[in-house]
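# Per-entry structural report
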Amino acid sequence: MGKNFSRKQGSGSLRPRSRTLTAVQDAILEDIVFPTEIEAKRTRCKLDGSKTLKVYLNSKDQANVEPRIATYASVYQKLTNKQVQFMFN
């Protein structure tokens, strides 16, 4: 590849906070569960080193959202390669 396609090292400017990997993954999570609101998020770290993101959703939409929880978890796992578990407050 030519030099035009290579990434510049140390371009001198910082990456904006809205473009970081964490911000993008949070935005994906918000978009997936759109009709309801996310009340809280917790990261569970187990002794074997695995991490699970626990997402607490608003309980007022529980009747509408509960059948779709497995779908939300599988879509988020495919897009971000992170384990997620949805719960209601």
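Reference entry: report on the structure contained in this document. (Residues numbered from 1 in each chain as written. Predicted model: local features only at pLDDT ≥ 70, side-chain atom pairs only at ≥ 80, totals over all residues. Heavy atoms only, no water.)

### With respect to the sheet that holds strand β2 (residues 51-57)
- In spatial order, the strands read β1-β2-β3; together these 3 strands make up an open sheet with mixed pairing. The outermost strands of the open sheet, each flanked by one partner alone, are β1 (38-45) and β3 (83-88). Put simply, the sheet's adjacent strands are angled 20 degrees from each other on average, direction ignored.
- Direction of pairing for β2 relative to β3: parallel, over a ladder of 6 bridges. (Pairing = 2+ DSSP bridges. Helix = DSSP H or I, 4+ residues; strand = E, 2+ residues; numbered from the N terminus. Axes fitted to C-alpha atoms, helices over the stretch in contact; angles between N-to-C directions.)

### Describing unusual backbone geometry
- One non-glycine residue, Asn81, lies in the positive phi region at around 60 degrees.
- With respect to the element layout, Asn81 can be found in the loop between α3 (69-80) and β3.

### Structural notes on the side chain of Gln25
- Position of Gln25 among the secondary structure elements: in helix α1 (residues 21-32).
- You can call Gln25 buried: its relative accessible area is 8%.
- Within the local environment of Gln25, its side chain forms a polar contact with the side chain of Lys82, the two groups lying 2.9 Å apart.
- For Gln25, the contacting residues outside a window of four places in its chain are Tyr76, Thr80 and Lys82. (Buried < 20%, exposed > 50% of the residue type's maximum accessible area, 1.4 Å probe, protein only. Polar contact = N/O pair within 3.5 Å; in protein donor to acceptor, adjacent residues only side chain to side chain. Contact = heavy atoms within 4.5 Å.)

### Focus on the pairing of β1
- In this structure, β1 lies alongside β2, joined through 7 bridges in antiparallel fashion. Within β2, the position partnered with Lys41 by the bridge is Val55.
- Where β1 hands over to β2, the hairpin turn is made up of 5 residues, of which Gly49 adopts a positive phi near 95 degrees.

### Focus: α3
- Here α3 contains 12 residues, and its C-alpha end-to-end distance of 16 Å stays within 8% of the 16 Å for a straight helix at 1.5 Å per residue.
- Listed in full, the buried residues belonging to α3 are Ile69, Tyr72, Ala73, Tyr76 and Thr80. Down the axis of α3, the buried set is contained in an arc of 95 degrees. They therefore lie on one face. The exposed set on the far side of α3, more than 90 degrees from its buried face, consists of Ala70 and Lys78.
- Tucked into the core, α3 has its buried residues touching α1, β2, α2 (62-65) and β3. (Expected span 1.5 Å × (residues − 1). Arc of directions from axis to C-beta.)

### Some words on the pattern of salt bridges
- Applying the stated rule across the entire model yields 1 salt bridge.
- Across the pair Asp26 and Lys41 runs a salt bridge whose closest N-O atoms are separated by 3.2 Å. In this pair, Asp26 sits in helix α1 while Lys41 sits in strand β1, placing the two residues 15 residues apart along the sequence. (Salt bridge = Lys/Arg side-chain N within 4 Å of Asp/Glu carboxyl O.)

### Overview of the nonpolar core
- Core analysis: the biggest nonpolar cluster contains 15 residues, and Leu29, Val33, Val55, Leu57, Val84 and Phe86 have the highest contact counts within it.
- For this core, the secondary-structure elements that each account for two or more residues are α1, β2, α3 and β3.
- Sorting elements by how many residues they give to this core places α3 first, with 4 residues.
- With residues up to four places along the chain from it excluded, the contact list for Phe86 reads Leu29, Val33, Val55, Leu57, Ile69, Tyr72 and Ala73. (Core = buried A, V, L, I, M, F, W, Y, C linked by side-chain atoms within 4.5 Å.)

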